[in-house]
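# Structural features, examined
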Amino acid sequence: MTAATNPSLEDLLRGCLPGMPPVVLYNPVFAFETGEDFMQAWFKAAAGRLDPFVLVLEGSVPNEEINGDGHWAGLGVDAATGQPILTNTWIDRLAPRAAAVLAMGTCAAYGGIPAMRNNPTGAMGLRDYLGWKWVSRLGVPIISVPGCPAQPDNITETLLRLVLHLTGMGPALDLDEQGRPEWIFGRTVHESCDRAGLAEHGQFSTSHGDGRCLVKLGCKGPVAKCNVPVRGWVNGIGGCPNVGGICMACTMPGFPDKYMPFVEPDTAARVYATTARLAHGPLLKYLRDRRIRRNFDREPGWRSRGAELTSGYRAR
Ligand code: SF4
Ligand code: SF4
């Protein structure tokens, strides 16, 4: 969030945006308070004395029914027992009182890396924990902003639009079937990648550092829904395949298991690359290059010197 620029975290917290209500952010990383002082907002919210609030979960939800003699994840200490308060307990206490609930990042959205096959914690996403049909007391479904990590502006923009909606200043968020904002996750990485034109022409990298399409090096862009190539990472800069890193599909529900080994192209990618390279790709490139040479990469007749010159500078 500290890397967000549009809107920036500072803009959100200083109320710089028209119509935006005052916002207070309680986050263990940003907080000035520590220990019991920091936990006061959580206790107030659970007691109904902090209203309205939006609950944002980062990280997956462990299955505490299989925690053995200990616990998997907690925040704060129960004064009566001296025991940690489980993350799951906080979700149980706060979700029913929240105006809306957000799952931020791939772990919170789907379980992510902690939920890999054979993991011992039984980790899951927030929708798996609360239920896919769960809605807040104001009727807002769980909103998921996946990404490993989530793109900074995707976080602040979603929060801004959500807050404007909750205060009656904006429409409800358009979500897809996975609960992701449709305007952010509505297209694939491939559809907005800087290298998509090279892929269309059948030009594929065979080693790292080569500036062509990365599908043969394992890029999962054709099947991953994410706006990072078009939005960049920080202030428009970067964007995984744009800058030479394969897309690992980190925003997708099956990440990471389904896309491993990351550096291997799957069968569909091989077929796609071979077809583009052997069939339409070179032909398209040849025809386009020829057309550019003949029709577009030259001055039109009325601008050249000589008998045809009808406008512009005329040499005496
Ligand atoms: Fe598509 Fe990846 Fe190639 Fe970009 S680098 S065009 S996302 S396959
Ligand atoms: Fe993740 Fe791919 Fe998007 Fe990069 S481009 S953030 S690897 S889904």
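Small disclaimer: the values here were computed from a predicted structure and weren't measured.

Attention now goes to the overall build of the chain. A tally of regular secondary structure across the chain gives twelve helices and five strands. The C-alpha atoms of the chain give 25 Å as radius of gyration, which overshoots the globular expectation for 316 residues (20 Å, by more than 25%). Residues classed as buried in the chain amount to 39% of the 316 residues present. Long-range pairs, those at least 24 residues apart, make up 66% of the contacts in the chain between residues at least 6 apart in sequence.

It is worth spelling out the site of ligand 1 at this point. Around ligand 1, the neighbouring residues are Val189, His190, Cys193, Arg195, Ala196, Cys213, Leu214, Val215, Cys219, Gly221, Pro222 and Pro241. For the shell around ligand 1, the class distribution of residues is nine nonpolar, two polar and one charged.

We now examine the packing of aromatic side chains. What the rule picks out here adds up to five aromatic pairs. Between Phe255 and Phe262, the aromatic rings sit 5.9 Å apart at their centres with planes inclined by 20°, giving stacked as the arrangement. The residue whose ring lies beneath Arg93 is Trp90, and the NZ or CZ to ring-centre distance is 5.0 Å. The cationic tip of Arg161 hangs over the ring face of Trp183; the distance from NZ or CZ to the ring centre is 3.7 Å.

Looking now at the sheet that holds strand β4 (residues 100-104). With parallel pairing, three strands are arranged side by side in an open sheet as β1-β4-β5. Because the sheet does not close on itself, it has two edges, and the strands there are β1 (54-58) and β5 (143-145). This sheet shows a mean twist of 20° between the axes of neighbouring strands, independent of strand direction. Where β4 lies against β5, three bridges are found, and the strand directions are parallel. Paired with Met104 across the strands is Val145, a residue of β5. Each of β1, β4 and β5 touches helix α6 (residues 152-166); the most contacted strand, β4, lies at about 175° to it.

When its domains are assigned, the chain resolves into domain 1 (9-183) and domain 2 (187-295). One C-alpha centre belongs to domain 1, the other to domain 2; they are set 33 Å apart. Contacts between domain 1 and domain 2 engage 19 residues on the former and 14 residues on the latter. On the domain 1 side of the contact with domain 2, Met116, Gln151 and Arg180 bury the most area, a combined 30% of that side's loss. There are one salt bridge connecting domain 1 and domain 2. The residue Arg231 makes a salt bridge to Glu157 at a minimum N-O spacing of 2.8 Å.

Burial of β1 is one-sided: the residues Leu55 and Leu57 facing one way are buried, the residues Val54, Val56 and Glu58 facing the other way are not. Taken together, the five bridges between β1 and β4 define a ladder with parallel strand orientation. Bridge pairing in β4 links Leu57 to Ala103.

Quick look at the state of the cysteines now. According to the stated counting rule, one finds zero disulfides in the structure shown. With no disulfide partner, Cys107 has as its closest neighbouring cysteine sulfur the one in Cys148, 5.8 Å distant.

Moving on, we get to the pattern of salt bridges. Counted under the stated rule, the structure contains eight salt bridges. Among the salt bridges present, the one from Arg270 reaches Glu264, with a minimum N-O distance of 3.8 Å. Of the residues examined, Glu264 reaches a relative accessible area of 39% and is grouped as partly exposed.

Ligand 2 sits among Val189, Cys226, Val228, Trp233, Cys240, Cys247, Met248, Ala249, Cys250 and Thr251. Its residues assigned to classes, the shell around ligand 2 shows nine nonpolar, one polar and no charged.

To continue, consider helix α2 (residues 35-46). Because each turn of an α-helix spans 3.6 residues, side chains separated by three or four positions in sequence point in the same direction. Helix length check: α2, at twelve residues, gives a terminal C-alpha distance of 17 Å against a target of 16 Å (1.5 Å per residue), a fit within 8%. Inspection of α2 places Phe38, Met39, Ala41, Trp42 and Ala45 among the buried residues, and these make up the whole buried set. Projected down its long axis, α2 carries its buried residues within an arc of 135°, all on one side. Its buried side turned inward, α2 meets β2 (74-77) and α3 (87-94). Gly48 sits one or two residues past α2 and shows a positive phi near 80°.

Another point: a nonpolar patch on the surface. Taken together, the side chains of Leu13, Leu25, Val29 and Phe30 present a nonpolar region at the surface, about 350 Å² in accessible area. Taking relative accessible area as the criterion, Leu13 reaches 39% and is therefore assigned partly exposed.

Among the structural elements, Trp183 can be located in helix α7 (residues 182-185). Between the C-alpha atoms of Trp183 and Gly74, which are 109 residues apart in sequence, the distance is 34 Å. Non-local contacts of Trp183, meaning those with residues more than four positions away in its chain, are made with Glu157, Thr158, Arg161, Leu173 and Asp174. A distance of 3.3 Å separates a polar atom in the side chain of Trp183 from a polar atom in the side chain of Glu157.

Thresholds applied
Residues numbered from 1 in each chain as written. Chains lettered and ligands numbered in written order. Predicted model: local features only at pLDDT ≥ 70, side-chain atom pairs only at ≥ 80, totals over all residues. Heavy atoms only, no water. Helix = DSSP H or I, 4+ residues; strand = E, 2+ residues; numbered from the N terminus. Rg over C-alpha atoms; globule rule 2.2 N^0.38 Å. Buried < 20%, exposed > 50% of the residue type's maximum accessible area, 1.4 Å probe, protein only. Contact = heavy atoms within 4.5 Å. Near = heavy atom within 4 Å. Nonpolar A, V, L, I, M, F, W, Y, C, P; charged D, E, K, R; others polar. Phe/Tyr/Trp six-rings, centres within 6.5 Å; stacked < 30°, edge-to-face > 60°. Lys NZ or Arg CZ within 6 Å of the ring centre and 35° of its normal. Pairing = 2+ DSSP bridges. Axes fitted to C-alpha atoms, helices over the stretch in contact; angles between N-to-C directions. Domains from an automatic or database assignment. Buried area = accessible area lost by both parts, 1.4 Å probe. Salt bridge = Lys/Arg side-chain N within 4 Å of Asp/Glu carboxyl O. Disulfide = S-S within 2.5 Å. Expected span 1.5 Å × (residues − 1). Arc of directions from axis to C-beta. Patch = residues over 30% accessible without salt bridge, like charges linked within 9 Å, V, L, I, M, F, W, Y side chains within 5 Å. Areas by Shrake-Rupley, 256 points an atom, 1.4 Å probe, with all protein chains shown as cover. Polar contact = N/O pair within 3.5 Å; in protein donor to acceptor, adjacent residues only side chain to side chain.

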